[in-house]
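Examination of the molecular architecture
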Amino acid sequence: MTFQINGVDITSYIAPQGVKWTRADVDGPNAGRRLDGILVRDRVAIKYKADITCRPLTLAEVAMVLGLIEDEWVFVTATNPFKGTVNTYTMYSNNIPAAFAITGQDGNEYWDGIAFPLIEQ
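Model, not experiment: these values are computed from the prediction. All chains use their own residue numbering, which begins from 1 and follows the written sequence. Reporting in this predicted model follows two pLDDT cut-offs: at least 70 for local features of residues, and 80 or more for side-chain atom pairs to be given and counted; totals over whole chains, interfaces and linings ignore these cut-offs and use all residues. To obtain the side-chain values, all non-hydrogen atoms of the structure were used and water was disregarded.

Observations regarding the pairing of strand E12 (residues 115–120)
Across the six residues that make up E12, a large majority, five, are buried. Taken together, the two bridges between strand E9 (residues 85–92) and E12 define a ladder with antiparallel strand orientation. Among the inter-strand pairings, tyrosine 92 is bridged to a residue of E12, identified as isoleucine 119. A simple rule labels every residue: compare its accessible area, found with a 1.4 Å probe on the protein chains alone, to the largest value its type can have, and call it buried under 20%, exposed over 50%, or partly exposed in between. Think of it this way: any DSSP run of H or I at least four residues long counts as a helix, any run of E at least two long counts as a strand, and we number them from the N terminus. Strands are labelled as partners when DSSP assigns at least two bridges between them.

In C-alpha coordinates:
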(Lines give C-alpha, C1' and ligand atoms only; values in the text may rest on other atoms or scores of the structure.)
Protein backbone atom coordinates (compact mmCIF):
# COMPACT_ATOMS: atom_id res chain seq x y z
CA MET A 1 0.00 0.00 0.00
CA THR A 2 1.15 3.51 -0.79
CA PHE A 3 0.04 6.48 1.30
CA GLN A 4 1.83 9.80 1.05
CA ILE A 5 0.82 13.32 2.02
CA ASN A 6 2.73 16.06 0.20
CA GLY A 7 5.35 13.47 -0.74
CA VAL A 8 5.89 12.17 2.82
CA ASP A 9 5.21 8.45 3.32
CA ILE A 10 2.95 8.02 6.37
CA THR A 11 2.26 4.27 6.09
CA SER A 12 4.38 3.47 9.17
CA TYR A 13 2.17 5.80 11.27
CA ILE A 14 -1.12 4.20 10.20
CA ALA A 15 -2.75 1.63 12.50
CA PRO A 16 -3.58 -1.86 11.21
CA GLN A 17 -6.79 -1.56 9.18
CA GLY A 18 -6.37 2.20 9.55
CA VAL A 19 -7.29 3.26 6.01
CA LYS A 20 -10.96 3.24 5.01
CA TRP A 21 -11.90 4.48 1.54
CA THR A 22 -15.36 5.77 0.61
CA ARG A 23 -16.59 6.61 -2.87
CA ALA A 24 -19.14 9.41 -3.16
CA ASP A 25 -21.17 10.22 -6.24
CA VAL A 26 -21.81 13.89 -6.86
CA ASP A 27 -25.20 14.31 -8.49
CA GLY A 28 -26.20 17.20 -10.71
CA PRO A 29 -29.37 19.28 -10.64
CA ASN A 30 -31.38 16.77 -12.72
CA ALA A 31 -30.98 13.89 -10.24
CA GLY A 32 -33.98 12.69 -8.29
CA ARG A 33 -37.29 10.90 -8.65
CA ARG A 34 -39.76 11.85 -11.33
CA LEU A 35 -43.47 12.08 -10.59
CA ASP A 36 -43.91 8.53 -11.93
CA GLY A 37 -41.40 7.25 -9.33
CA ILE A 38 -38.55 6.51 -11.72
CA LEU A 39 -35.13 7.55 -10.46
CA VAL A 40 -33.05 9.75 -12.72
CA ARG A 41 -29.29 9.76 -12.13
CA ASP A 42 -27.27 12.80 -13.09
CA ARG A 43 -23.85 11.88 -11.76
CA VAL A 44 -21.40 14.64 -12.57
CA ALA A 45 -18.39 13.35 -10.63
CA ILE A 46 -17.01 10.64 -8.37
CA LYS A 47 -15.03 11.83 -5.33
CA TYR A 48 -13.05 9.83 -2.81
CA LYS A 49 -12.57 10.11 0.93
CA ALA A 50 -9.95 8.29 2.98
CA ASP A 51 -10.46 7.99 6.74
CA ILE A 52 -7.08 7.51 8.40
CA THR A 53 -6.54 6.10 11.89
CA CYS A 54 -3.03 6.27 13.31
CA ARG A 55 -1.32 3.95 15.74
CA PRO A 56 -0.22 5.54 19.04
CA LEU A 57 2.38 8.16 18.12
CA THR A 58 5.13 9.96 19.99
CA LEU A 59 4.83 13.72 20.34
CA ALA A 60 7.35 14.24 17.51
CA GLU A 61 5.49 11.80 15.23
CA VAL A 62 2.05 13.28 15.90
CA ALA A 63 3.34 16.80 15.34
CA MET A 64 4.82 15.73 11.99
CA VAL A 65 1.67 13.90 10.81
CA LEU A 66 -0.73 16.64 11.89
CA GLY A 67 1.58 19.25 10.41
CA LEU A 68 1.26 17.53 7.03
CA ILE A 69 -2.51 18.09 6.94
CA GLU A 70 -2.59 21.60 8.38
CA ASP A 71 -2.64 23.38 5.00
CA GLU A 72 -5.96 24.12 3.37
CA TRP A 73 -5.20 21.67 0.54
CA VAL A 74 -2.76 18.75 0.49
CA PHE A 75 -1.61 16.33 -2.19
CA VAL A 76 -2.31 12.69 -1.34
CA THR A 77 -0.74 9.87 -3.32
CA ALA A 78 -2.31 6.57 -2.32
CA THR A 79 -3.40 3.13 -3.40
CA ASN A 80 -7.08 3.40 -4.32
CA PRO A 81 -8.86 0.04 -3.90
CA PHE A 82 -11.73 1.13 -6.15
CA LYS A 83 -9.34 1.59 -9.06
CA GLY A 84 -6.57 -0.85 -8.11
CA THR A 85 -3.99 1.84 -8.86
CA VAL A 86 -1.91 4.48 -7.12
CA ASN A 87 -3.38 7.94 -7.74
CA THR A 88 -2.70 11.50 -6.61
CA TYR A 89 -5.54 13.64 -5.27
CA THR A 90 -5.95 17.18 -4.01
CA MET A 91 -7.64 16.79 -0.62
CA TYR A 92 -8.41 18.61 2.60
CA SER A 93 -8.82 17.51 6.20
CA ASN A 94 -10.77 18.77 9.20
CA ASN A 95 -11.99 17.84 12.69
CA ILE A 96 -8.88 16.05 13.90
CA PRO A 97 -8.70 14.67 17.46
CA ALA A 98 -5.53 13.76 19.38
CA ALA A 99 -5.66 12.48 22.96
CA PHE A 100 -2.72 12.19 25.33
CA ALA A 101 -2.34 8.49 26.13
CA ILE A 102 0.66 7.92 28.40
CA THR A 103 4.26 8.74 29.11
CA GLY A 104 6.09 5.56 28.20
CA GLN A 105 8.90 3.86 30.09
CA ASP A 106 11.18 5.28 27.42
CA GLY A 107 10.24 8.81 28.60
CA ASN A 108 8.33 9.65 25.39
CA GLU A 109 4.81 11.07 25.43
CA TYR A 110 2.41 8.91 23.42
CA TRP A 111 -0.73 10.25 21.77
CA ASP A 112 -3.66 8.11 20.63
CA GLY A 113 -7.08 8.50 19.05
CA ILE A 114 -5.59 10.30 16.05
CA ALA A 115 -7.99 9.89 13.17
CA PHE A 116 -8.69 12.22 10.29
CA PRO A 117 -10.54 12.35 6.99
CA LEU A 118 -8.91 13.26 3.72
CA ILE A 119 -11.62 14.44 1.35
CA GLU A 120 -11.10 14.94 -2.38
CA GLN A 121 -11.55 18.44 -3.79
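That shown, we press on.
Brief notes about the sheet that holds strand E6 (residues 43–54)
Spatially, seven strands are ordered E2-E1-E8-E9-E12-E6-E3 in an open sheet, and the strand pairing comes out antiparallel. What marks the edges here is a single partner per strand, and that holds for strand E2 (8–9) and strand E3 (14–27). Both strand E1 (residues 3–5) and strand E8 (residues 74–80) contribute to a ladder of three bridges, which runs antiparallel. Bridge assignment links glutamine 4 to a residue of E8, and that residue is threonine 77.

Focus on the nonpolar core
For this analysis, a nonpolar core means a set of buried residues of the types Ala, Val, Leu, Ile, Met, Phe, Trp, Tyr and Cys, connected via side-chain atoms within 4.5 Å. Within the largest apolar cluster, 23 residues are counted, with the highest numbers of intra-cluster contacts made by Phe3, Ile5, Trp21, Ile52, Val76, Phe116 and Leu118. The element that contributes the greatest number of residues to this core is E6, accounting for four residues. Residue contacts follow a heavy-atom distance rule, with two residues in contact if any of their heavy atoms lie within 4.5 Å. Discounting chain neighbours no more than four positions away, the residues touching leucine 118 are Phe3, Ile5, Tyr48, Lys49, Ala50, Ile52, Ile69, Val74, Val76, Met91, Tyr92 and Ser93.

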